[in-house]
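Now for the letters of each chain:
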Amino acid sequence: MADRARWSSRMIFVFAAIGSAVGLGNVWRFPYLAGKYGGGAFLIPYLIALIIMGIPLLILEFALGQKMQRGAVHAFAAIKRKFMGVGLMAIFTGFTVVSYYAVVMAWSLMYLFYSFTLKYAGDTKDFFFNKALQISSSIGEIGGINLTILLTLVVIWVLIYFCVWKGVKSVGKVVVVTMPLPVILILILVLRGLTLPNSLEGIIFYLKPNFAALFDTEVWTAAMSQIFFTLSLAFGIMIAYASYMKKDSDITKNAVITSVVNSAISIIAGFAVFGTLGYMAFKQAVPVSELAAAGPSLAFIVYPKAITMIPMAALFGVIFFVTLLTLAIDSAFSLVEGVTTVVSDAWHKASRPLVSLIVCALGFLAGIIFTTRAGLYFLDVVDHFATNFGLIIVGILECIAVGWVFGAEKLRKYINEVSDYKIGKWWSFCIKYLIPILLIYLIAVQFVAEMKANYEGYPNWAIVIGWLVVLVPLAISFIVSYWPEKKKAVATS
Ligand code: PHE
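Each chain has its residues counted from 1, running along the sequence as written. Restriction of local features to residues with pLDDT of at least 70 applies here, the model being predicted, together with a cutoff of 80 or more for giving and counting side-chain atom pairs; totals for whole chains, interfaces and linings are based on all residues. Only heavy atoms go into the side-chain values, all of them from the structure, while hydrogens and water stay out.

Draft legend 1. Structural view of a nonpolar patch on the surface. On the surface, a cluster of nonpolar side chains totalling about 550 Å² of accessible area is made up of I145, L147, L151, V154, V158 and F162. In this fold, V154 is placed in helix 7 (residues 147–164). Patches draw on residues past 30% relative accessible area with no salt bridge. Two like charges within 9 Å are joined, as are two nonpolar side chains (Val, Leu, Ile, Met, Phe, Trp, Tyr) within 5 Å. Computed by Shrake-Rupley with a 1.4 Å probe, the accessible areas treat only the displayed protein chains as cover when residues are assessed. A pair is scored as a salt bridge if a Lys or Arg side-chain nitrogen falls within 4 Å of a carboxyl oxygen belonging to Asp or Glu. Under the scheme used here, helices are H or I runs from DSSP no shorter than 4 residues and strands are E runs no shorter than 2 residues, and both carry numbers assigned from the N terminus.

Structural data, given as structure tokens:
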């Protein structure tokens, strides 16, 4: 077997891991959740979830990839063949997410061009729904493909392809730019946000704790799923990335740096968003809370609106959308890498550029549905089911496979052998008991909510599609795992 490809240095690996973690989830999803769940109070569950779930699971994924020197499917198969389905489910979920993540990137690219002439100025809401997306009236009315989005999506996939085509070799070169650049741009946006009149009101809303929210289980479940999403956990990515490290690289340090930088960027990006919202609230004489509760439309409606109100608006519009795109691209190609790593592990002879091409082409095809006029509705449904169920199921199975079958203590021993910071028994406790129990609770709460009412009032057939997005990959993973083994055993190392 040929030697495994390697990151050119440990720093490049950490850059790539941070690049994957930092994405739309930090600049768009995190501030919108913070706004929705009472500003400052959201930070507490978020940080607790980071410490008891995020960091331990990232350590687990790094350790597993590095120890087994394989992508998600083969790493789990090396624990026990029947667990290969956990890895499969992870990459199926990753593939689903990248199919719509690329579409949000396509919108961002369109908005980057619109920013030069501030085409969205005026009624940004009308612009987003009716001009940019040309949205239909309901999910049932597909209404054909929006060609602009489709063509922009092609451009996005070509970009993604050229980042990943040679695997870690090309990724390693790209992340040197795409990881630090958006961070610098975010700092510019923070400075701009904080120097606007009345920005303080936005910041107070963002940081002032509202302790009553801590008694709301919904805040806790939102914080936990955000931690999964933001650290790119349970997609097979971090396992794949770590599999290109030498077996003796320091695991805890890599995991702590990645998670701390990622959350720091979320929290800092919050200052840019809320500072700007404070200014906008003042201009429009509405409370910040009203603007902050905009939900998913924050990045394409509220923030562009705020931009048009500040001097040199076009420049800040361009900066904002370049930030979104450069943030998102490393997350998108990390999802592709998670899949191509698994395929290349299975067929060592397959050419890397070809495997990447096929995965990108399939990702594009799967995304076409989101470029139709009902695309936003489909995106909403698929995102809801994939992140609230797909991810969490993988997380639970991961804990069982490593914690109970491989042995948390055995993995902890390996981690401590190669790492400077030693982790204590608390880590095994988290993996074996705490995290799976919390995740089972989380999924149960969500399941009950699902049974009470259709998500966002979508029709039953749409909800069925949402479930299929989770259950079909789950069924396939299960069948593959239990398929009678061929003579040639799966290679483990
Ligand atoms: N972590 C990325 C973000 O916060 C999103 C992502 C999810 C990336 C899943 C890869 C996989 O935006």
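Draft legend 2. The nonpolar core, seen in detail. Take the buried Ala, Val, Leu, Ile, Met, Phe, Trp, Tyr and Cys residues and link them wherever side-chain atoms come within 4.5 Å; each set so joined is a nonpolar core. For every residue, the accessible area (1.4 Å probe, protein chains only) is compared with the maximum for its type, and the residue is labelled buried under 20%, exposed over 50%, or partly exposed between those bounds. Counting 191 residues, the largest nonpolar core has W7, F42, I160 and L277 as the members making the most contacts within it. Whether two residues are in contact is decided by their heavy atoms, any of which lying within 4.5 Å being enough. When sequence neighbours within four positions are dropped, the list of residues in contact with I160 reads A102, I329, A332, F333, V336 and C360.

Draft legend 3. Representation of the packing of helix 5 (residues 84–117) against helix 17 (residues 352–367) in the model. In this analysis an axis means a line fitted to C-alpha atoms, helices contributing only their contacting stretch, and an angle means the value between N-to-C directions, from 0 to 180 degrees. It is the contact of helix 5 with helix 17, at a shortest axis distance of 8 Å, that shows an interaxial angle of 70°. Put simply, helix 5 runs roughly perpendicular to helix 17. When the axes of helix 5 and helix 17 are compared, the crossing they make is right-handed. Of the residues in helix 17, those touching helix 5 at F95, S99 and V103 are V359, L362, G363, A366 and G367. Of the residues in the contact of helix 5 with helix 17, the class split is five nonpolar, three polar and no charged. To sort the angles, those under 35 degrees are grouped as roughly parallel, those over 145 as roughly antiparallel, those from 65 to 115 as roughly perpendicular, and the leftovers as oblique. Left-handed describes a crossing whose near helix is turned anticlockwise from the far helix by less than a right angle; the clockwise case is right-handed. We call Asp, Glu, Lys and Arg charged. Ala, Val, Leu, Ile, Met, Phe, Trp, Tyr, Cys and Pro are nonpolar, and the rest, Gly among them, are polar.

Draft legend 4. View of empty space enclosed by the protein. Cavity means a closed set of points on a 1 Å grid over the protein atoms alone, one where a 1.4 Å probe fits but cannot get out, pocket means an open set with protein on both sides within 12 Å along at least 5 of 7 lines, and lining means a residue has an atom within 4 Å of a point. Grid points are joined across faces, edges and corners, and a volume is the space filled by probe spheres set on the points. Under the defined criterion, the tally for this structure stands at six cavities of 30 Å³ or more. Taken as a whole, the largest cavity spans an internal volume of roughly 130 Å³. Taken together, 16 residues line the largest cavity, and the ones lying closest to its centre are S20, Y101, F229, S232 and S331. At the level of secondary structure, the elements contributing two or more residues to the lining of the largest cavity comprise helix 1 (10–21), helix 2 (24–36), helix 5, helix 11 (217–230) and helix 16 (313–346). Among the elements that take part in the lining of the largest cavity, helix 16 stands out by supplying three residues, more than any other. Here the residues of the lining of the largest cavity are counted per class, giving nine nonpolar, seven polar and no charged. Taken as a whole, the second largest cavity spans an internal volume of roughly 60 Å³. What lines the second largest cavity is simply V27, I186, L189, A269, A272, V273, Y303, F320 and T323. Counting only elements with at least two residues in the lining of the second largest cavity, the list comes to helix 9 (180–194), helix 13 (251–284) and helix 16. Looking at which element gives the most residues to the lining of the second largest cavity, the answer is helix 13, with three residues.

Draft legend 5. Up close: the packing of helix 5 against helix 16. The contact between helix 5 and helix 16 brings their axes to 8 Å, and the two run at 160°. Looking at the two axes, helix 5 sits roughly antiparallel to helix 16. Along this stretch, helix 5 crosses helix 16, giving a crossing that reads as left-handed. Considering only residue class, the contact of helix 5 with helix 16 consists of 22 nonpolar, six polar and no charged.

Draft legend 6. Here's a closer look at the site of the ligand. We call a residue near a molecule or strand when any one of its heavy atoms sits within 4 Å of it. In the region of the ligand, 14 residues are neighbours, and A21, L24, G25, Y101 and F229 sit closest. N or O atoms closer than or at 3.5 Å make up a polar contact, with two conditions inside protein: a donor-capable atom paired with an acceptor-capable one, and, for residues adjacent in sequence, both atoms drawn from side chains. A21 is positioned with one of its backbone polar atoms (N or O) 2.9 Å from a nitrogen atom of the ligand. Between S232 and the ligand, the recorded distance is 3.1 Å, taken from a side-chain N or O atom to a nitrogen atom. Surface burial for the ligand is 100%, taken as the share of its 320 Å² of free accessible area covered by protein chains. Whether a molecule lies in a cavity or pocket depends on its atoms, and more than half of them have to be within 2 Å of the grid points. The cavity that encloses the ligand is the largest cavity. Listing elements by their share of the shell around the ligand, those giving two or more residues are helix 1, helix 2, helix 11 and helix 16. The dominant element in the shell around the ligand, judged by the number of residues it contributes, is helix 2, at three residues. Split into classes, the residues belonging to the shell around the ligand amount to seven nonpolar, seven polar and no charged.

Draft legend 7. Structural context of the packing of aromatic side chains. Only rings of Phe, Tyr and Trp enter the pairing, Trp through its six-membered ring, and a pair is recorded when the two centres are within 6.5 Å. The plane angle decides the type: under 30 degrees is stacked, over 60 is edge-to-face, the rest tilted. Under the criterion given, the structure shown has 43 aromatic pairs. Consider the rings of Y114 and F127, whose centres lie 5.1 Å apart with planes at 90°: the pair is edge-to-face. On the criterion of sequence distance, the pair formed by Y114 in helix 5 and F127 in helix 6 (residues 124–132) is long-range, its members being 13 residues apart. As far as burial versus exposure is concerned, Y114 and F127 are alike and both buried. Linked through ring pairs, W107, Y111, Y114, Y120, F127, F128, F129, F300, Y303, F320 and F321 together constitute an aromatic cluster. Above the plane of the ring of Y414 lies K67, whose end atom (NZ or CZ) is 5.1 Å from the centre. Definition used: whenever NZ (Lys) or CZ (Arg) falls within 6 Å of the ring centre and also within 35 degrees of the ring normal, the charge is taken to sit over that ring. Here the basic side chain of K432 rests over the ring of W404, its NZ or CZ set 4.5 Å away from the ring centre.

That's the geometry; what it means functionally is another story.
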